[in-house]
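Chain by chain, the residues:
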Amino acid sequence: MDDTQIVDLYWNRQETAISETKKKYEKYLFSIANHILTHYEDAEESVNDTYLGAWNSMPPHRPEVLSTFLGKITRRLALKKHRMNTAGKRGGTEADLSLEELANCIPANHTIDEALNNRELASILNDFLAGLPVQQRQVFVCRYWYCDSIFEIAQRFSWSESKVKMTLLRTREKLRLCLKKEVVFL
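Every value quoted in this text rests on a predicted model; they were computed, and no experiment measured them.

Asker: Just to check I follow, could you spell out the overall build of the protein for this structure?
Answerer: The helix and strand inventory of the protein stands at ten helices and zero strands. Scanning the protein from its N terminus toward the C terminus, one meets helices and strands in the order α-α-α-α-α-α-α-α-α-α. Counting over 186 residues, the protein shows a buried share of 41%. Sequence-distant contacts in the protein: of pairs separated by 6 or more residues, those separated by 24 or more amount to 63%. Summed over its atoms, the accessible surface of the protein is roughly 11,100 Å², and 52% of this surface lies on carbon and sulfur atoms.

Right, dumping it as structure tokens:
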């Protein structure tokens, strides 16, 4: 079943929408949640909550790209669950590490959550990512959207881990300079 048909099922309030979504996207959504959360059960819960979130969001929202829409819900739920699970503890997961790396691009008087909710920042980030070479953009997204480890990224792109680290460092620096130029946080 294609995405338009699945979205139509949600809009028509047919319960088969959830089973069709699960059939098509469960592995993808689980991979997102599992990279952020350390326990299988937590990842599974986030994926199941994604189906409920999609059910509650459609209508009124009609996503143009269903996979991105669902991935965004899963990621948001998994990060929320991760924050709850690690409240008062020091991090150490790939999600913690990747968000900590990215936080260095944003001045300390702003949290990443506040910044990511900013539509202007989203537009600047989209333009920034669109201006990157394809592999550099893919590596950046793997690390900071999917929270993939350096090792996983190196394997995926057949690069050394040091090349991945250096690429990410240089891309973060470009992003920091781009944000500074745009005066987003001043």
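Asker: Even after reading the chapter, I still don't get the nonpolar core, so can you show me in this structure?
Answerer: Within soluble globular proteins, side chains that are nonpolar tend to cluster in buried spots. Membership of the largest hydrophobic core comes to 24 residues, with the highest contact counts inside it found for Tyr10, Ile36, Ala54, Met58, Leu66, Phe69 and Leu70. Elements with a minimum of two residues in this core: α1 (3-11), α2 (16-36), α3 (40-57) and α4 (66-86). Aside from chain neighbours lying at most four places away, what touches Leu70 is Thr21, Tyr25, Leu29, Thr50 and Ala54. With 22 residues, the next largest nonpolar core counts Phe128, Leu132, Leu168 and Leu175 among its residues.

Asker: When you look at the packing of α2 against α3 in this model, what are you seeing that I'm missing?
Answerer: Angle between the axes and distance between the axes are the two parameters that describe a pair of packed helices. Packing of α2 against α3 brings their axes to within 9 Å, and their N-to-C directions diverge by 135°. Comparing their axes, α3 and α2 come out oblique. Note on packing geometry: the crossing formed by α2 with α3 is right-handed. For the pair formed by α2 and α3, the contact residues are Ala17, Ile18, Thr21, Lys22, Glu26, Leu29, Phe30, Ala33 and Asn34 on the first element and Tyr40, Ala43, Glu44, Ser46, Val47, Thr50, Tyr51 and Trp55 on the second.

Asker: What is the right way to look at the packing of aromatic side chains in this model?
Answerer: The relation between two aromatic rings is expressed through the spacing of the ring centres and the mutual angle of the planes. In this structure the tally under the stated criterion is seven aromatic pairs. Aromatic side chains Phe128 and Phe140 sit 6.3 Å apart centroid to centroid with 70° between the ring planes, which places their arrangement in the edge-to-face category. Residue Phe128 is found in helix α7 (residues 119-130), and its partner Phe140 is found in helix α8 (residues 134-144); the two are separated by twelve residues along the sequence. Comparing Phe128 with Phe140 shows no difference in burial state: the two are buried. In this arrangement the basic side chain of Arg13 is found over the ring face of Trp55, its NZ or CZ atom lying 4.0 Å from the centre. Between Arg62 and the ring centre of Trp11, over which it is positioned, the NZ or CZ distance is 4.4 Å.

Asker: Is there a simple way to explain the packing of α8 against helix α10 (residues 161-181) in this structure?
Answerer: Remark: α8 packs on α10, axes separated minimally by 10 Å, with the N-to-C direction vectors making an angle of 90°. The orientation of α8 relative to α10 falls into the category roughly perpendicular. From α8, Gln136, Val139, Phe140, Arg143 and Tyr144 reach across to α10, where they touch Val164, Thr167, Leu168, Thr171, Arg172, Lys174 and Leu175. Of the residues belonging to the contact of α8 with α10, the class tally is six nonpolar, three polar and three charged.

What counts and how
Residues numbered from 1 in each chain as written. Predicted model: local features only at pLDDT ≥ 70, side-chain atom pairs only at ≥ 80, totals over all residues. Heavy atoms only, no water. Helix = DSSP H or I, 4+ residues; strand = E, 2+ residues; numbered from the N terminus. Buried < 20%, exposed > 50% of the residue type's maximum accessible area, 1.4 Å probe, protein only. Contact = heavy atoms within 4.5 Å. Areas by Shrake-Rupley, 256 points an atom, 1.4 Å probe, with all protein chains shown as cover. Core = buried A, V, L, I, M, F, W, Y, C linked by side-chain atoms within 4.5 Å. Axes fitted to C-alpha atoms, helices over the stretch in contact; angles between N-to-C directions. Parallel < 35°, antiparallel > 145°, perpendicular 65-115°, else oblique. Left-handed = near helix turned anticlockwise from the far one by under 90°. Phe/Tyr/Trp six-rings, centres within 6.5 Å; stacked < 30°, edge-to-face > 60°. Lys NZ or Arg CZ within 6 Å of the ring centre and 35° of its normal. Nonpolar A, V, L, I, M, F, W, Y, C, P; charged D, E, K, R; others polar.

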